[in-house]
Amino acid sequence: MPYKNVRKDITYNSMTTSIAEYAQRGKTINLGVFSYISGDVWTETGNLMLKYLAGAITREELAKGINEYWRSTNK
């Protein structure tokens, strides 16, 4: 974890316990390394989200745009 003040003397909730167990078993991915995602993912999907938040496109158009983007990266 990136935190230096994680206490070991208290019981955390079931979700944090489960995540820690998964991480110890190597069942998580390092989100700090996005080598499997194309470099323009945040620009492309972020632009779509900005349009949606501004009311320029509908929720359906947002979903369609994101799906089209991901499909285009698998070519």
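This report concerns the structure included in the present document. These numbers come from a predicted model, not from an experiment.

Digging into the overall build of the chain
Step number 1: The helix and strand inventory of the chain stands at three helices and zero strands.
Step number 2: Sequence-ordered secondary structure for the chain, helices as α and strands as β, is α-α-α.
Step number 3: When the accessible area of the chain is evaluated, it comes to approximately 6,900 Å², of which 56% is carbon and sulfur surface.

Digging into helix α3 (residues 59-72)
Step number 1: If you check α3, its first and last C-alpha atoms are 20 Å apart, about what 14 residues at 1.5 Å a residue would give, namely 20 Å.
Step number 2: When α3 is considered as a whole, its buried residues turn out to be Leu62, Gly65 and Tyr69. Taken end-on, α3 shows its buried residues confined to a sector of 65°, consistent with a single buried face. More than 90 degrees from the buried face of α3, the exposed residues found are Arg59, Glu60, Lys64 and Arg71.
Step number 3: Residues of α3 that are buried sit in contact with α2 (41-53).

Brief notes about a nonpolar patch on the surface
Step number 1: Judged by side-chain polarity, Met49, Leu50, Tyr52 and Leu53 come together as a nonpolar surface patch covering roughly 390 Å² of accessible area.
Step number 2: Met49 sits in the partly exposed class, given a relative accessible area of 35%.

A word on the packing of aromatic side chains
Step number 1: Inspection of every chain in the model, using the stated rule, returns one aromatic pair.
Step number 2: The lysine or arginine in question, Arg25, covers the ring of Tyr22, its NZ or CZ lying 4.9 Å from the ring centre.

Section: the packing of α2 against α3
A pair of packed helices can be characterised by two numbers: the angle between their axes and the separation between those axes.
Step number 1: Between α2 and α3, whose axes approach to 9 Å, the crossing angle comes to 170°. With respect to α3, the element α2 is oriented roughly antiparallel. In contact with Val41, Glu44, Thr45, Leu48, Met49 and Tyr52 of α2, α3 contributes Arg59, Leu62, Gly65, Ile66, Tyr69 and Trp70.
Step number 2: Taken together, the residues of the contact of α2 with α3 sort by class into eight nonpolar, two polar and two charged.

What counts, and at which threshold
- Per chain, the residues get numbers from 1 upward, laid out in the order the sequence is written.
- Two thresholds apply to this predicted model, a pLDDT of at least 70 for residue-level local features and 80 or more for giving and counting side-chain atom pairs, whereas whole-chain, interface and lining totals are computed over all residues.
- Excluding hydrogens and water, the side-chain figures rest on all heavy atoms present in the structure.
- To qualify as a helix, a DSSP run of H or I must reach at least 4 residues; to qualify as a strand, a run of E must reach at least 2; elements of each kind are numbered from the N terminus.
- Throughout, the Shrake-Rupley method with a 1.4 Å probe supplies accessible areas, and for residues the shown protein chains are the sole cover considered.
- The span one expects for a helix is its residue count, reduced by one, times 1.5 Å.
- The cut-offs for exposure are 20% and 50% of the maximum accessible area for each residue type, with area from a 1.4 Å probe on protein chains only; residues under the lower value are buried, those over the upper are exposed, and the others partly exposed.
- Think of it as the arc spanned by the lines of direction from the helix axis to the C-beta atoms.
- Whether two residues are in contact is decided by their heavy atoms, any of which lying within 4.5 Å being enough.
- Excluding any residue in a salt bridge, patches collect residues exceeding 30% relative accessible area, merging like charges within 9 Å and nonpolar Val, Leu, Ile, Met, Phe, Trp and Tyr side chains within 5 Å.
- The salt bridge criterion pairs a side-chain nitrogen of Lys or Arg with a carboxyl oxygen of Asp or Glu, the two atoms within 4 Å.
- Pairing of aromatic rings covers Phe, Tyr and Trp, the last through its six-membered ring, and needs centres within 6.5 Å; plane angles under 30 degrees mean stacked, over 60 mean edge-to-face, and all others mean tilted.
- Two thresholds decide whether a charge sits over a ring: the Lys NZ or Arg CZ must be within 6 Å of the ring centre and within 35 degrees of the ring normal.
- Note on geometry: axes are C-alpha line fits, over the in-contact stretch for helices, and angles between N-to-C directions span 0 to 180 degrees.
- For classification purposes, an angle smaller than 35 degrees is called roughly parallel, one larger than 145 roughly antiparallel, one from 65 to 115 roughly perpendicular, and anything else oblique.
- Each residue receives one of three labels: charged for Asp, Glu, Lys and Arg, nonpolar for Ala, Val, Leu, Ile, Met, Phe, Trp, Tyr, Cys and Pro, and polar for the others, Gly being one of them.

Read these as geometric descriptors, not functional statements.
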